[in-house]
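Here is how the chains run, residue by residue.
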Amino acid sequence: MGFIERHAGWTAGQSAAAEEIRDRAGSGGLKVVRLVFADQHGLLRGKTVTASEVATVLRDGTGIASSLLAKDTSGRTVFPLFTKETPLGLPELRGAADMVMVPDPLTFRMLPWSPGTGWLLCDLRFTSGAPVPLCTRGLLRSVLDQTGGLTYRTGLEVEFHLFRLDDPRLGAADLGQPGAAPEVGMLNHGYQYLSELRYDELDPVLDVLRAHIEELGLPLRSLEVEFGPSQVEITLRPADGLDTADAMVLLRSTVKQVAARHGHHATFMCRPHLPGVFSSGWHLHQSVLRDGVGVFAPEPGAAAADGTGLSPYGSAFLGGLLRHARATSAFSTPTLNGFKRFRSLSLAPDRAVWGRDNRGAMVRVLGDDPSATRLENRIGEPAANPYLYLASQLAAGLDGVAGGLDPGPAADEPYATRAEPLPRSLGEALDALEADQVLGDRLGKDFVAYYTSVKRAEIARFAQEVTDWEQREYFRVF
C-alpha cells in the first residue's frame, strides 16, 4: 500500500484518471511530467520526473523541500529553519525537511508547447501523512466545506500586459535576488479600448496564446484589448469550487511560458513601472448555487425588499464582502505595487461600496434571473494567489450570510459616497486582516499569522531600498 492510499485517498474519478496517466506513460506518449503546487504567493513550484517514475509518483507522491513555504516573492527565506525554534509552530518544517507533493490526477494536462510533457497539480502533505496547513489549495478546500453543501461558482476577468522582449537582462551585472527586470517594448500604443485595429496588432501572439489555452482545455471565453498600451484581458467561463483557482494558476503559467517562447514578456504585475502603462485588475464574478440553481436572485415573483435586486441570501453575502473588504484586500491585492491601482475615477475601486452595473463600485451587482445573477468584485489584482483570493471572498460572504449583514444602499456616485476606504498600502491591509477576528476564524488564525509574517518581511525589505522617487526628490535639492 503506497503513501497516497494510506494517507490521502482518491475518489473513483481520481483513481480512473490516474490509471489513464499510467497507461499514457507506459505507451511512450509521455516523456516527463511536471509536478507543481501553488505556493503562498500563487507561484507554481515543483519537480519534473521522467515517464518511468510516473507510476511511483502516483503511488507515493514525491518529496519536496518545506523551505519553499518560508520564502517571500524574491525567494528569500524569512523564517528560521535551522535553529532550536519551532518554525511557525510546525516542527515538521525544522531543518527544511521534506514534505510530500500528492498529485491530483484530475488536473493532468499535456503541455502543447513542450512535446511529451505532462503537468500535474499537487496538494501538500507532511511525511506523516497529515495535510500541510499552509497549503493554499487545501485552505480553499476547507472554506468550500463551510458552505453547507452549496456550490461556490466563480468566473474571472484578468488583465495583464504583453510586451515585446528586447533584452532579458541575463548578464552577470543583472543577477541578484531578485535580478534585473527585462527590457521590453510595446506591441501597441493603447488608449483605444476594445479597438479591433489594436487587437489585430497583437493577433500574431494572441492567436498562439489562444490555441495553447484551448488545447489545455481551459474554459476560455474571450481575449480583449484593454485601454492601456500593450494591455490585454482574458475571460474564462464560470467554474465551481477549486476549478477556477486551478485554471488561474495554469492560465498565468501558460501565458508567461508561451509568450517567452515567442519572444515576448507577459506580466501579471499590477502596475509596471513603464511610461504610460495602466494598472491591471482581476475582477471576480461570484455566485452560490443550490442543486444547480443560483440563490442570489429573489424567488420567482418576489421582489428584493432592500433594493439590491438580490435574495436575502445574496444581499447578506454582499454585506459580508463589504464588511470584510479591507481585510480581504490583503489576499486580493497581495503586493505593494497593487495598491497603486486604488484610485478615484479610474474604473478601479477606492472604497467599499456596491452598485448595480456600476463599474466604479467595488462590487457590481449583475443579472436579472437566477442563472445570471452574480456579484462582480473588482478589488483584485492579477498577481493574487487565486486560492487565497477565492477563499477570502467566500469566507467574507458566508459571514455576511451567517450574520444577515445589510449591504446598505447602492452607491450612485461610487467615488463620492461616504464609505470605508480601501487600504492605501499592503501594510494597512495586513493590519485590517489581523484585526478581523471573524475572517481569521474562517480562514484559520495560524494561517493568517503565517501569511502576514511573510508579507511583512517583504514590506521590511522594500523599506530598506532607496527608490527612484527618493533620488529625484532629494539628491539635487539637498
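The structure this text deals with has already been given above.
J.: I tried to follow the state of the cysteines on my own but got confused; where do I start?
T.: What we call a disulfide is simply a covalent bond connecting the sulfur atoms of a pair of cysteines. Summed over all chains, the structure comprises zero disulfides. Of all cysteine sulfurs in the structure, the one in cysteine 122 sits closest to cysteine 135, which takes part in no disulfide; the separation is 9.7 Å.

J.: I tried to follow helix 12 (residues 445–463) on my own but got confused; where do I start?
T.: The periodicity of an α-helix, 3.6 residues per turn, causes residues three or four places apart in sequence to face the same way. The terminal C-alpha atoms of helix 12, which comprises 19 residues, lie 26 Å apart, in line with the 27 Å expected from a rise of 1.5 Å per residue. For helix 12, every residue scored as buried is listed here: Phe447, Val448, Tyr450, Tyr451, Thr452, Val454, Lys455 and Glu458. Where the residues of helix 12 are buried, they touch helix 4 (136–144), helix 8 (325–332), helix 9 (386–403), helix 10 (426–435) and helix 11 (437–443).

J.: Looking at this structure, I do not really get the nonpolar core. What am I missing?
T.: For soluble globular proteins, the rule of thumb is that nonpolar side chains tend to be buried together. Leu162, Ile234, Leu251, Val255, Phe317 and Leu375 are the most contacted members of the largest nonpolar core, which has 118 residues in total. In this structure, leucine 162 is in contact with Leu187, Val205, Leu206, Leu209, Ser230, Val232, Ala259, His264, His265 and Ala266, ignoring residues within four places of it in sequence.

J.: Please explain the packing of helix 8 against helix 10 as it appears in this structure.
T.: Two numbers describe a pair of packed helices, the interaxial angle and the distance between the axes. The geometry of helix 8 relative to helix 10 is characterised by a closest axis approach of 7 Å and an angle of 120° between their N-to-C directions. With respect to helix 10, the element helix 8 is oriented oblique. Seen from above, helix 8 lies across helix 10 with left-handed handedness. Residues Arg326, Ala327, Ser329, Ala330 and Phe331 of helix 8 touch helix 10, and the partners they reach there are Glu428, Ala429, Leu430, Ala432 and Leu433. Here the residues of the contact of helix 8 with helix 10 are counted per class, giving seven nonpolar, one polar and two charged.

J.: Can you walk me through the pattern of salt bridges in this structure?
T.: It is possible for side chains of opposite charge to pair when their charged atoms get near one another. Evaluated as defined, the whole model comprises 25 salt bridges. For arginine 169, the salt bridge is made with glutamate 183, and the minimal N-O distance between the two is 3.8 Å. With arginine 169 in the loop between strand 7 (151–167) and strand 8 (183–185) and glutamate 183 in strand 8, this residue pair connects regions lying 14 residues apart in the sequence. Judged by relative accessible area, arginine 169 falls into the partly exposed class, the value being 25%. Because the salt bridges share partners, they merge into one network encompassing Asp104, Asp123, Arg137, Arg141 and Asp246.

J.: Please clarify how a nonpolar patch on the surface should be interpreted in this entry.
T.: Taken together, Tyr191, Tyr193, Leu194 and Phe227 make up a surface patch of nonpolar side chains, about 410 Å² in accessible area. Note on placement: tyrosine 193 falls in the loop between strand 8 and helix 5 (196–215).

J.: In this structure, what is going on with the side chain of glutamine 40? I would like to understand it.
T.: Along the chain, glutamine 40 falls in the loop between strand 1 (32–38) and strand 2 (44–50). We classify glutamine 40 as buried; its relative accessible area is 3%. Looking at glutamine 40, its side chain comes within polar contact range of the main-chain oxygen of leucine 68, at 3.0 Å. Reaching out from glutamine 40, the side chain makes a polar contact with the backbone oxygen of lysine 71 at a distance of 2.8 Å. If we skip the residues at most four places from it in the chain, glutamine 40 touches Leu68, Leu69, Ala70, Lys71, Thr136, Asn385, Leu388, Tyr450 and Tyr451.

Rules and cut-offs
Residues numbered from 1 in each chain as written. Predicted model: local features only at pLDDT ≥ 70, side-chain atom pairs only at ≥ 80, totals over all residues. Heavy atoms only, no water. Disulfide = S-S within 2.5 Å. Helix = DSSP H or I, 4+ residues; strand = E, 2+ residues; numbered from the N terminus. Expected span 1.5 Å × (residues − 1). Buried < 20%, exposed > 50% of the residue type's maximum accessible area, 1.4 Å probe, protein only. Contact = heavy atoms within 4.5 Å. Core = buried A, V, L, I, M, F, W, Y, C linked by side-chain atoms within 4.5 Å. Axes fitted to C-alpha atoms, helices over the stretch in contact; angles between N-to-C directions. Parallel < 35°, antiparallel > 145°, perpendicular 65-115°, else oblique. Left-handed = near helix turned anticlockwise from the far one by under 90°. Nonpolar A, V, L, I, M, F, W, Y, C, P; charged D, E, K, R; others polar. Salt bridge = Lys/Arg side-chain N within 4 Å of Asp/Glu carboxyl O. Patch = residues over 30% accessible without salt bridge, like charges linked within 9 Å, V, L, I, M, F, W, Y side chains within 5 Å. Areas by Shrake-Rupley, 256 points an atom, 1.4 Å probe, with all protein chains shown as cover. Polar contact = N/O pair within 3.5 Å; in protein donor to acceptor, adjacent residues only side chain to side chain.

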